[in-house]
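# Observations on chain architecture
Okay, here's what each chain looks like letter by letter:
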Amino acid sequence: MKSHEQERRNRRLGVTYSAPMGLWLVLFFLIPLAIIILYSFLRKGLYGGVEPHWSLAAYEQMFNPNFLRVLFRTLWISVVATAITIILALPCGYAIARSRNQVFWLALVIIPFWTNSLIRIYAWIAILSNEGFVNEALRSVGIIRDSLQLMYHQGTVITVLIYMYIPFAILPLFTTIDKFDFQLLEAARDIGATKAQSIFKVLIPNIRSGVVTAVIFTFIPIFGAYTVPLLVGGKDSYMVGNIIVDQVTKTRNWPLASAFSLLITLVSTVGVVWMLVSSAGERARLKTSGNGRGTAEVNS
Amino acid sequence: MRTQQPAKRQIFEPTKLVDPPKGPIGPYRVPRSHVFRDHHWFGFSQIMLVVVILFLFMPLFVVITYSFNASRGMRWTGFSLQWYHQLFTGSRELWRAFGNSFIIALSSAFVATVIGSLAAVGIRWYRFKSRAFIQTLSFLPMILPEVIIGISMLIFFSAIQFPLGMVTIFIAHTTFNLPFVFLLVSARLDEFDFSVIEAARDLGATERQTLIKVIVPSITPGVLSGFLMAITMSLEDFVITFFVSGPGSTTLPLYVYSMIRYGVSPVINALSMVLILSIMLIALLFRRFLKTIAASS
């Protein structure tokens, strides 16, 4: 009788405490998303906005070869930038986790990460532009007379994207590696694994959820990047984020912008589900193995 | 090769392994020197870490250095503080934008912290039907690219014909701040011992007394780091603000954006220096929470 009452009380309190956030997010996040889904199936209005007629025009326009090219380019840039970011971030996360001065190194990662993103992009412009640091330095030494065109390349966009999002990868990797039992690496080495084997067969499988989180946290924002390609990119680095903004602010084709937004939302949702499944799988594995660690498989 | 390696180790290892563990009986703890056997200060991962940190700081150092340059461009012509002078005395527009940013950061961080912390308490400690729904819902805004959130808000506000301005920026910032506060406070609650609450209840505390005297003090560090995170992110945000701002509601990032479109500006260099210094100060003040913040972002 009492437990039943307590359960009801629990439910009431839980709802009371979390209702404001639930309502806020439904009103200002879920409903706007629903409106985007709705708009993508409507006909475009003359001066922005939509007309109340069902239409699949937006989705037909998406398959325009020009847009497809941008889509594949976005995918390519995101994959390359994410891959390089993860490859760079893994040893960093490992080194911070093994360091005796974790907070110091974390601060060094977090300080640039907290610095205004526009300031960070601006810093790259100050370095790479025609009158920028590199060109002026080379000119004063006398190596070049004309400016080197360092900006407005795809390579520049990828470099700056890596710069912007590498902390997003280092932080979750650090958090997972920090929980890893380094004695497992010792054990692997003791039974004859090489250093590389102990990293790839013991460490990586055990921090899989952290790697997945890092991939998602870099891939999704890069896939939806807008400011970086706008400010340091050229024609060969126009990305989906730029299409969306131009369709809203310049071409005023809101249904098309909505359709592209929906596409990015779907990609992101798939990523989030993957991440949740992978971390749930890890938790289940931790529960079944007694010492809280997976089994270390090493070929001898 | 491979067969030789273990043999080499056996020369000195048995002496260590034969030693009976000192102290209370329990799992044998490997000596620290032994654990860190393969751990050299200049290992591959340490070098990578230093290289990446240099990569992260290099652009900032360049900008800071050139904020002391006597001339406008990126050619060094001598030391001068004139750009700081101009930043602090001759940039009224910039400081008005900063004021707007500050008002929005404080208000949205405050609202997000109150609502988000309450929700974290509700979801971590009580079981109810829509729990999983709210939890998933709180996760999505964090992962969705900013462009999508900005566009969807812009379309939403124009659909309900709400005028763009400070209020819409406040709403947008609170929306993207909520998940972070919720996550940071949740992380803190996970470490918290629920039995303390039961003890308080058993000793006769009312629900409200439990909330104010037990729950609030114990989650304060999490709440504070959530508030701090929210302020930083609000001051930082450009993309979402760009879409939901209206006339007269220019924030600092929007102002910076309008300036850097015209190329290198020494006043922005000086501003960068000020912003980076204040962030270093914040990181120093909140160094205790850096690990929690790392875990949640």
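Residues numbered from 1 in each chain as written. Chains lettered and ligands numbered in written order. Predicted model: local features only at pLDDT ≥ 70, side-chain atom pairs only at ≥ 80, totals over all residues.

Before going further, it helps to spend a moment on the overall build of chain A. When helices and strands are tallied, chain A shows 13 helices and two strands. Here the C-alpha radius of gyration of chain A, 24 Å, is well above what a compact globule of 300 residues would show, namely 19 Å. Taken along its principal axes, the extent of the C-alpha atoms in chain A is 75 × 65 × 35 Å. For chain A, buried positions account for 44% of its 300 residues. (Helix = DSSP H or I, 4+ residues; strand = E, 2+ residues; numbered from the N terminus. Rg over C-alpha atoms; globule rule 2.2 N^0.38 Å. Buried ≥ 20, exposed ≤ 12 C-beta atoms within 10 Å, placed from the backbone.)

Residue and element names in this part refer to chain A. Relative to strand E2 (residues 50-54), strand E1 (residues 42-44) runs antiparallel, the two sharing three bridges. Bridging across to E2, Arg43 finds its partner in Glu51. Two successive antiparallel strands, E1 and E2, enclose a turn made up of five residues, where Gly48 displays a positive phi of approximately 80°. (Pairing = 2+ DSSP bridges.)

This part takes up unusual backbone geometry. Located in the positive-phi region is Arg252(A), a residue other than glycine, with phi close to 60°. Positionally, Arg252(A) belongs in the loop between helix H12 (240-249) and helix H13 (254-288). Positive phi values are uncommon outside glycine, yet Gln161(B) reaches one of about 55°. The exposure class of Gln161(B) is exposed, given the 6 C-beta atoms found within 10 Å.

Facing the 83 residues of chain B at the interface are 86 residues of chain A. Ranked by residues supplied to the side of chain B that touches chain A, first place goes to helix H4 (residues 44-66) of chain B with 15 residues. Of the residues assigned to the side of chain B that touches chain A, the class counts are 60 nonpolar, 15 polar and eight charged. (Contact = placed C-beta atoms within 7 Å. Nonpolar A, V, L, I, M, F, W, Y, C, P; charged D, E, K, R; others polar.)

Right, let's talk about helix H9 (residues 195-206) of chain A for a bit. Residue and element names in this part refer to chain A. Its 12 residues place the ends of H9 16 Å apart at the C-alpha level, agreeing with the 16 Å of an ideal helix rising 1.5 Å per residue. Of all the positions in H9, only Ser198, Val202 and Asn206 are classed as buried. Buried residues of H9 fall within an arc of 30° about the axis and therefore sit on the same side. Facing away from the buried side of H9, by more than 90 degrees, are the exposed residues Ala196, Phe200 and Ile204. Buried-residue contacts for H9 involve helix H8 (183-190). (Expected span 1.5 Å × (residues − 1). Arc of directions from axis to C-beta.)

Positionally, Gly241(A) belongs in helix H12. By the C-beta count within 10 Å, which is 30 here, Gly241(A) ends up buried. For the pair formed by Gly241(A) and Val70(A), sequence separation is 171 residues and the distance between their alpha carbons is 9.9 Å. Once residues within four sequence positions are removed from consideration, Gly241(A) is found in contact with Gly224(A), Ala225(A), Tyr226(A), Pro145(B) and Val147(B).

Shape descriptors only; they carry no functional weight alone.
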